[in-house]
Amino acid sequence: STTGGWSWLLSGSLYRNDGQSQLLFPEFADPATNNGWAEDMDGDRYAHAFAEVDHGNIRVQGLFSRRTKIDPTASYGTVFNAPGTWLRDTVGYADLSYHRTVWSHSDLELRTYYDKYQFLASGAYAGPGPADGYILFSTAQADRVGAEANLGKQLGKHRVTIGGDYERSIGVDQKNYVPGEPPSLNSHVTLWSAAAYGDAELNLIRKLTIRAGGRYDHYSTSGGVASPRLAVVYSPNSQTALKYIFTRAFRAPNPYEQFYVDNVAIFAAESRLRAEQIQSHELVLERSLRPWFSLTADAYYNMLHHLVELEADPATGGARFGNEKRHDRGEGIEF
């Protein structure tokens, strides 16, 4: 709704599903595991609410979402067909942004936000004897605050954008425990990241557009990563475009990969994890034959470095995260 210069948007949803009363898993087709039948071990619940308020140059957004899922698959070594295995994800955020034209053909955008994530899981595990089963709880949560600013300016036929952002995780917690016993994992860390970026759209001649940019991110755990991008677009006429696109992007290791260590199945990494990186080259030809009919040919080559993987550790019989050995590539043509 819109009243007196204010604009409001509200939405929400609820979902409930008891799931299948019986599910068959052939991997557990044994009399000791109910011949592979999971009974009353399915179900899903979901709730979601979103709100947005706009007034002039200011926008405020907020979201809350929660999902609870009963897990019938005996994942992570839990007992098959035993009640007590489920997981719950909860996420919420508040976002405040401001946009205005500050000079002629210049746009300023400011943004700040708070983001919270919580995870809770319960797993039924078998003990040494038939009556020694127990419930293991796994919890995780992260509270993040951040701010971002960017300025875009039109310079004749060209446009330039510069900006930066900063994010701080006030607390990233991970914990595994059996009620009444000391936790097997109890991790608490504080993280931060900062970035600066720039982008330029250059229309040097009538049929040629060049878009070049770059971004530098620095993470408190994995160090700095540079991400350049270049796109060259040649359009000999209004129906044809030939594009070359080069990008290099990354994914920083997440807190689970960096800090989840239970010394039972997962052990500490031998060295600090580095960010995954991908370098991509792409050549695209687009041709419009009719307003309703066009053709595209796309050739690409991707090279990935330092992929983060859970690797077997013969010394402990468990596994640990690492990215020293893994590289991969992919190439293809698409029409």
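Please read these numbers as outputs of a predicted model, since none were measured by experiment. (Residues numbered from 1 in each chain as written. Predicted model: local features only at pLDDT ≥ 70, side-chain atom pairs only at ≥ 80, totals over all residues. Heavy atoms only, no water.)

What follows deals with the overall build of the protein chain. Scanning the protein chain for helices and strands turns up one helix and 20 strands. The C-alpha atoms of the protein chain give a radius of gyration of 26 Å, which is well past the 20 Å a tight globule of 335 residues would have. With the principal axes as the frame, the protein chain shows a C-alpha extent of 80 × 55 × 45 Å. Looking at the 335 residues of the protein chain, the share that counts as buried comes to 30%. (Helix = DSSP H or I, 4+ residues; strand = E, 2+ residues; numbered from the N terminus. Rg over C-alpha atoms; globule rule 2.2 N^0.38 Å. Buried < 20%, exposed > 50% of the residue type's maximum accessible area, 1.4 Å probe, protein only.)

The subject of this paragraph is the layout of surface pockets. Of the pockets and cavities examined, the second largest pocket occupies roughly 250 Å³. Around the second largest pocket, the lining comprises 14 residues; the ones closest to its centre are Glu270, Glu311, Arg320, Gly322 and Lys325. For the lining of the second largest pocket, the elements supplying multiple residues, two or more each, are strand E18 (309-313) and strand E19 (318-322). Partitioned by chemical class, the residues of the lining of the second largest pocket number five nonpolar, three polar and six charged. (1 Å grid on protein atoms, 1.4 Å probe; cavity = no way out; pocket = protein on both sides within 12 Å on 5 of 7 lines; lining within 4 Å. Points joined across faces, edges and corners; volume = space filled by probe spheres on them. Nonpolar A, V, L, I, M, F, W, Y, C, P; charged D, E, K, R; others polar.)

Attention now moves to the side chain of Thr85. Summarising the element assignment, Thr85 is placed in the loop between strand E6 (58-70) and strand E7 (86-103). In terms of polar contacts, Thr85 uses its side chain to reach the backbone amide nitrogen of Ala124, at 3.2 Å. Filtering out sequence-adjacent residues up to four positions away, Thr85 remains in contact with Ile70, Asp71, Thr78, Ser122, Gly123 and Ala124. (Polar contact = N/O pair within 3.5 Å; in protein donor to acceptor, adjacent residues only side chain to side chain. Contact = heavy atoms within 4.5 Å.)

A separate point is the packing of aromatic side chains. Within the structure shown, the criterion is met by ten aromatic pairs. Their ring planes at 25 degrees and their centres at 6.3 Å tell us that Trp6 and Trp8 sit as a pair that is stacked. Exposure remark for Trp6: the relative accessible area of 38% places this residue in the partly exposed category. The partly exposed category is assigned to Trp8, whose relative accessible area is 41%. Where Tyr125 meets Tyr134, the ring centres are 5.8 Å apart and the plane angle is 15 degrees; that geometry is what we call stacked. Judged by its relative accessible area of 19%, Tyr125 falls in the buried class. The partly exposed category is assigned to Tyr134, whose relative accessible area is 35%. Grouping aromatic residues by their ring pairs yields a cluster made of Phe25, Phe28 and Phe80. (Phe/Tyr/Trp six-rings, centres within 6.5 Å; stacked < 30°, edge-to-face > 60°.)

Of all hydrophobic cores here, the largest spans six residues; its members are Leu185, Tyr260, Ile266, Leu273, Val308 and Phe321. Not counting chain neighbours up to four residues away, the residues in contact with Leu273 comprise Ser222, Pro253, Glu257, Gln258, Val308, Phe321, Gly322 and Asn323. (Core = buried A, V, L, I, M, F, W, Y, C linked by side-chain atoms within 4.5 Å.)

Let us now look at the pairing of strand E12 (residues 208-219). Pairing of strand E11 (residues 185-205) with E12 involves eleven bridges; the strand directions are antiparallel. Counted as the bridge partner of Ser193 is Tyr219 from E12. In sequence, E11 turns back onto E12 through a hairpin of two residues. Sheet topology note: the E12/strand E13 (residues 223-237) ladder contains twelve bridges and is antiparallel. Each bridged residue has a counterpart across the sheet, and for Gly213 the counterpart in E13 is Arg229. Hairpin connection, E12 to E13: the antiparallel pair is bridged by three residues. (Pairing = 2+ DSSP bridges.)

Below, the discussion takes up the pairing of strand E10 (residues 158-177). Here strand E9 (residues 134-155) pairs with E10 via 19 bridges, running antiparallel. Bridging from a neighbouring strand, Ser138 pairs with Asn176 of E10. Linking E9 back to E10 in an antiparallel pair, the connection comprises two residues, with Gly156 at a positive phi of about 65 degrees.

Below, the discussion takes up the pattern of salt bridges. Once their charged atoms are close, side chains differing in charge can pair, the charge on each being opposite to the other. With the rule as written, the count across this model stands at 18 salt bridges. Ionic pairing is found between Asp44 and Arg67, a salt bridge with its closest N-O pair at 2.9 Å. On the criterion of sequence distance, the pair formed by Asp44 in strand E5 (residues 43-55) and Arg67 in strand E6 is long-range, its members being 23 residues apart. Take Asp44: its relative accessible area is 15%, and that puts it in the buried class. (Salt bridge = Lys/Arg side-chain N within 4 Å of Asp/Glu carboxyl O.)

Strand order across the open sheet formed by three strands is E15-E19-E18, with mixed pairing between neighbours. A strand with exactly one partner marks an edge of an open sheet, and here the two such strands are strand E15 (266-267) and E18. Sheet analysis places E18 next to E19, joined by five bridges and oriented antiparallel. Bridged to Leu310 within E19 is Phe321.

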